[in-house]
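Here is how the chains run, residue by residue.
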Amino acid sequence: MKAILALLAFLLLAPAAFAVEPSERLSDPALEARARTLSEELRCVVCQNETIDESGAPLAHDLRVLLRERIAAGDTDAQAVKYITDRYGDFVLLKPPVVPATYLLWFGPIIVLLLAGGGASIYLRKRKAAAPVAPLSDAEARRIERLIEEEN
Amino acid sequence: MRRLLFLLPVALFVAVAVYFLLALNPNRDPQLLPSALIDKPAPAFQLAGLDGGQGIALAALKGQVVVVNFFASWCEPCRDEHPLLMGLEKQIGVPVYGIAYKDKQPDTERFLKQLGDPYHAIGVDESGRTAIDFGVYGVPETYVIDKEGRIRKRFVGPLSERQVTRELLPLVQQLQHS
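Residues numbered from 1 in each chain as written. Chains lettered and ligands numbered in written order. Predicted model: local features only at pLDDT ≥ 70, side-chain atom pairs only at ≥ 80, totals over all residues.

A. Expanded view of the pairing of strand β3 (residues 66-71) of chain B. Residue and element names in this part refer to chain B. The element β3 is largely enclosed, with a buried count of 6 among its 6 residues. What you see with β3 is no split at all: Val-66, Val-68 and Phe-70 on one side and Val-67, Asn-69 and Phe-71 on the other are buried throughout. As defined by bridge partners, β3 adjoins strand β6 (residues 141-145) across 5 bridges and the pair is classed as antiparallel. When the bridges of β6 are listed, Asn-69 appears paired with Thr-142. One ladder, built from 5 bridges, connects β3 with strand β4 (residues 96-101); its direction is parallel. Within β4, the position partnered with Asn-69 by the bridge is Gly-98. (Buried ≥ 20, exposed ≤ 12 C-beta atoms within 10 Å, placed from the backbone. Helix = DSSP H or I, 4+ residues; strand = E, 2+ residues; numbered from the N terminus. Pairing = 2+ DSSP bridges.)

Right under this line is the structure:
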């Protein structure tokens, strides 16, 4: 049982742990850390819900190596990422940029909130402004008293 | 005006329903990515040929419309596409170039010997860097490059007869006459 669990854990953890292969790493830890951060923000276009940092796809490997080459060659983070988006488009950015095509994505929730909030406040204000409830007439008051007595 | 307000939820529902209808269309592949390079200059490349033979250089292709097909011997869909490629040059009337993507040369040679060589010339891209410059994310992929060396169209996955007659052929003809 223990062995099976260990094997399961190994299988589940293995791809994540080994995606960035030792041979890919840069010798300078600072540069490697930057490359690591960037590759966690880039989508693998082969297996589209993984980052290139965690993907085992050969193309993800190539892109990790490429990214490290750019960084080692002195690219800033933005330049290195642009090198990849120039080729694969903004789709590879796991955090989509704010550009006209993504305005709906970024501002949609705020617009919906404003619309719903506006609608609700108009509705509530109208309800409050509606004529106040008329006080009970004498006959109604007596009827209520009678009802309460019957209850008791 | 007030009455129209009651139609708003209906309009919203219709909009969402239409969106779902389009998004759930079984013929639409949600994994398909648009190319970032459409209408942009094709990335320069200079690739050696098989066995030290004549390769391909982008600069030498300027002035003519060309089709570039990324393929590999290890790629199963490339085999499916292959019979169509065999007659493609004749069918569309422009040269079709092949780029062997991350393939070992003997394997590429065996592949072409077995199935036939449909290409005008072949470039060897063993590192896959030229493919990355093109934004290739899986073989086969097919690009149309116009006379000025701009990428005009990308087909992802094996070309179908329908894509050739409906999209590739009209585009190539239009580009040739412009």
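Next comes the rest of the description.
B. Quick peek at helix α3 (residues 58-72) of chain A. Residues and elements named next belong to chain A. Taking 1.5 Å as the rise per residue, α3 with 15 residues should run 21 Å; its terminal C-alpha atoms sit 21 Å apart, in good agreement. Those residues of α3 lying buried are Leu-59, Ala-60, Leu-63, Arg-64, Leu-67, Arg-68, Arg-70 and Ile-71. Looking at the buried side of α3, the elements it contacts are α2 (29-39) and α4 (77-88). Of the residues flanking the end of α3, it is Gly-74, one or two places downstream, whose phi is positive at about 105 degrees. (Expected span 1.5 Å × (residues − 1). Contact = placed C-beta atoms within 7 Å.)

C. Broad picture of the interface of chain B and chain A. On the side of chain A, 12 residues touch chain B, which itself brings 10 residues to the contact. Grouping the constituent residues of the side of chain B that touches chain A by class yields 5 nonpolar, 4 polar and 1 charged. (Nonpolar A, V, L, I, M, F, W, Y, C, P; charged D, E, K, R; others polar.)

D. Molecular detail of the sheet that holds strand β7 (residues 151-156) of chain B. Residues and elements named next belong to chain B. Taken together, 5 strands build an open sheet; the order of strands is β5-β4-β3-β6-β7 and the sheet is mixed. Each of the sheet's edge strands pairs with one partner strand only, and the pair in question is β5 (122-125) and β7. Put simply, the sheet's adjacent strands are angled 20 degrees from each other on average, direction ignored. Pairing of β4 with β5, which is carried by 4 bridges, proceeds in the parallel orientation. Bridge pairing in β5 links Tyr-101 to Asp-125. (Axes fitted to C-alpha atoms, helices over the stretch in contact; angles between N-to-C directions.)

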